[in-house]
Amino acid sequence: MESRNPSFFEQTLPDFPALLSGNPSPEEVEACLQLRGEKAEALRRAAHETKMKTVGDKVYLRALVEYSNICRKNCFYCGIRSGNPEVRRYAVGRKEVLEAARFAHQAGFGSMVLQSGERQDEAFVAEIESLVEAIVQQSGGELGITLSLGEQKAETYARWRKAGALRYLLRIETSSTELYARLHPVDHDFRTRLDCLKALRDTGYQVGSGIMIGLPFQTTLQIAKDLLFLRELDVDMVGMGPYIEHPKTPLWAYRGQIPSWQGRYDLSMNAWAVLRLLMPDINIASTTAIGSLHPKGREEALYVAANVIMPNLTPFSERKEYFLYEHKLCIEESHEDSRENIERIIRAAGCRPGYFEQGNSLRFRNR
Ligand code: 5AD
Ligand code: SF4
């Protein structure tokens, strides 16, 4: 398709669903991301209507357990990177994980996510395998399990899949190999990440990926390319969010070179809208990071595009140690508060909670 002149957007409002469900150029997607004021509202409304027509008003719940902050990686943006000596490292005990799973199952959350820093040692792999088996057994197979445990061997992914995990989240963070290299030490490789995503797909998982928005050295055109790349990857689900600085990371030094909080918020919300229009039938999460940027962030993301939310069920004693970035949300909440709070957010967004449903991605079901 021929690329339209971006000034097109200044004169008139495009038919966003037609434009984005077709074959938009990166520049056209970029122009959408840059919209502000009434035009941004029109974009978000279009995404909302598309969301209602495809995945509907139901929001699926995933109980999140931040299993461990022990990580062998050293990503330049992340507060729990191995190079941060000030972090008290933990792993949630088996009993606590199973308690959280029981609570989630009884509360009707439908699914749970085990997220952790990255480890590949056999003790870790075997413990996850056994936890997944135990959760499946304890819930009579009713609780859907999503893993978010980083880059692993294909063999490991297969073991966890066999144990009963259904979905796997592995963010690409950015689709630019140059930017990826600026955000990670030399032994972290973008190709490995793509190979992992392919292995996950081949193993039969519902595959999720995502990006960070508003990173230092990142252009809006690059974010546009990232969103198109997620479509090319044909993911079943996306978890993305604004980048938020953390003082004990190398990227802290570049905090003067990122958009303001409001700028990142606007950019993120437009990115959610664009993604829903590019990929109408996937599951999209309203993530903690957007809620950490603005009190109404998760609610607005649900209104615009998202149909998944992840109430945090990490035990209190550990929660504050999974400190990926400044001002991270949910550090003080109790499980019950969290359930009520999440329901309030969902209703405020004009949606309904999908209790007692696993909430698998429509795209995956139609595949
Ligand atoms: N700001 C926002 N998101 C972050 N993540 C890690 N550090 C940050 C940060 N400073 C996200 C990454 C990672 C996920 C676990 O958390 O996208 O994939
Ligand atoms: Fe580890 Fe993930 Fe943080 Fe990277 S982003 S340091 S892999 S927890």
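Structure shown above.
Residues numbered from 1 in each chain as written. Chains lettered and ligands numbered in written order. Predicted model: local features only at pLDDT ≥ 70, side-chain atom pairs only at ≥ 80, totals over all residues. Heavy atoms only, no water.

Undergrad: Quick rundown of the side chain of serine 111? Include the residues and the values.
TA: Within the secondary structure layout, serine 111 lies in strand E2 (residues 111-116). Side-chain polar atoms of serine 111 contact the side chain of arginine 167, separated by 3.1 Å. Discounting residues that sit within four places of it in the chain, serine 111 has contacts with Leu61, Arg62, Ala63, Leu143, Gly144, Arg167 and Gln358. (Helix = DSSP H or I, 4+ residues; strand = E, 2+ residues; numbered from the N terminus. Polar contact = N/O pair within 3.5 Å; in protein donor to acceptor, adjacent residues only side chain to side chain. Contact = heavy atoms within 4.5 Å.)

Undergrad: Before we move on, can you summarise the nonpolar core with the specific residues and values?
TA: Ranked by internal contacts, the top residues of the largest apolar core, which has 108 residues, are Leu147 and Leu227. Per-element accounting of this core gives the leading share, 10 residues, to helix H11 (residues 261-278). If near-sequence neighbours (up to four positions away) are discounted, leucine 227 is found in contact with Leu33, Ile211, Met240, Ala271, Val274, Leu275 and Leu278. Judged by nonpolar contacts, the second largest core, of 6 residues, contains Tyr60, Ala285, Val308 and Met310. (Core = buried A, V, L, I, M, F, W, Y, C linked by side-chain atoms within 4.5 Å. Buried < 20%, exposed > 50% of the residue type's maximum accessible area, 1.4 Å probe, protein only.)

Undergrad: I'd like a description of the packing of helix H7 (residues 154-163) against helix H9 (residues 190-203), backed by residues and values.
TA: Relative orientation of the contacting elements H7 and H9 amounts to 35°, with a least axis distance of 9 Å. Classified by chirality, the crossing of H9 by H7 is right-handed. Listed contacts from H9 to Ala154, Tyr157, Ala158 and Arg161 of H7 are Cys196, Ala199, Leu200 and Thr203. Per-class residue counts for the contact of H7 with H9 are 6 nonpolar, 1 polar and 1 charged. (Axes fitted to C-alpha atoms, helices over the stretch in contact; angles between N-to-C directions. Left-handed = near helix turned anticlockwise from the far one by under 90°. Nonpolar A, V, L, I, M, F, W, Y, C, P; charged D, E, K, R; others polar.)

Undergrad: Tell me about empty space enclosed by the protein, residues and numbers included.
TA: If you walk through the whole model with that rule in mind, you get 2 cavities of 30 Å³ or more. Empty space within the largest cavity amounts to approximately 810 Å³. Along the wall of the largest cavity there are 35 residues; nearest its centre are Gln115, Arg171, Glu173, Tyr322 and Leu324. Only strand E1 (58-68), E2, strand E8 (241-242) and helix H12 (288-293) provide two or more residues apiece to the lining of the largest cavity. By residue class, the composition of the lining of the largest cavity is 18 nonpolar, 9 polar and 8 charged. What the second largest cavity holds in volume is close to 120 Å³. Lining the second largest cavity are 13 residues, and of these Arg62, Leu169, Met237, Ala285 and Val308 sit closest to its centre. Secondary structure elements with two or more residues in the lining of the second largest cavity: strand E4 (167-169), strand E7 (237-238) and strand E9 (283-286). In terms of residues, the lining of the second largest cavity owes the most to one element, E9, which gives 3 residues. (1 Å grid on protein atoms, 1.4 Å probe; cavity = no way out; pocket = protein on both sides within 12 Å on 5 of 7 lines; lining within 4 Å. Points joined across faces, edges and corners; volume = space filled by probe spheres on them.)

Undergrad: An account of the site of ligand 2 is needed here, citing residue identities and associated values.
TA: Inspection of the region around ligand 2 gives Cys71, Lys73, Cys75, Tyr77, Cys78, Ile80, Arg81 and Gly117 as its neighbouring residues. Given that more than half its atoms are within 2 Å of the pocket grid, ligand 2 belongs to the largest cavity. Tallied by class, residues from the shell around ligand 2 come to 5 nonpolar, 1 polar and 2 charged. (Near = heavy atom within 4 Å. Sits in = over half its atoms within 2 Å of the grid points.)

Undergrad: Give a detailed account of the packing of aromatic side chains, specifying residues and quantitative values.
TA: Within the structure shown, the criterion is met by 8 aromatic pairs. Here phenylalanine 103 and phenylalanine 109 contribute two aromatic rings whose centre-to-centre distance is 6.3 Å and whose plane-to-plane angle is 75°, an arrangement assigned as edge-to-face. Ring geometry for phenylalanine 190 versus phenylalanine 229: centroids 6.2 Å apart, planes at 45°, classification tilted. Of this pair, phenylalanine 190 sits in helix H9 while phenylalanine 229 sits in helix H10 (residues 220-233), and the two are 39 residues apart along the sequence. Residue class for phenylalanine 229 comes out buried when judged on its relative accessible area of 17%. Put simply, the rings of Tyr67, Phe124 and Trp160 pair up and form one aromatic cluster. A cation sits over an aromatic face here: arginine 161 above tyrosine 205, 5.9 Å from the ring centre. Lying across the ring of phenylalanine 217, arginine 182 places its NZ or CZ 3.8 Å from the centre. (Phe/Tyr/Trp six-rings, centres within 6.5 Å; stacked < 30°, edge-to-face > 60°. Lys NZ or Arg CZ within 6 Å of the ring centre and 35° of its normal.)

Undergrad: Tell me about the pattern of salt bridges, residues and numbers included.
TA: Across all of its chains, the model carries 27 salt bridges by this definition. Here arginine 159 ties to glutamate 122 by a salt bridge, and the two come within 3.0 Å at their closest N and O atoms. On the criterion of sequence distance, the pair formed by arginine 159 in helix H7 and glutamate 122 in helix H6 (residues 122-138) is long-range, its members being 37 residues apart. The class of arginine 159 is partly exposed, set by a relative accessible area of 23%. Of the charged contacts, one joins lysine 198 and aspartate 202 as a salt bridge, the two residues approaching to 2.8 Å between their closest N and O atoms. Pair noted here: lysine 198 and aspartate 202 are both in helix H9, with a separation of 4 residues, about one helical turn. The exposure class assigned to aspartate 202 is exposed, which follows from its relative accessible area of 56%. Among the charged side chains, a network of salt bridges with common partners joins Arg72, Lys73, Glu118, Glu151, Glu173 and Arg193. (Salt bridge = Lys/Arg side-chain N within 4 Å of Asp/Glu carboxyl O.)

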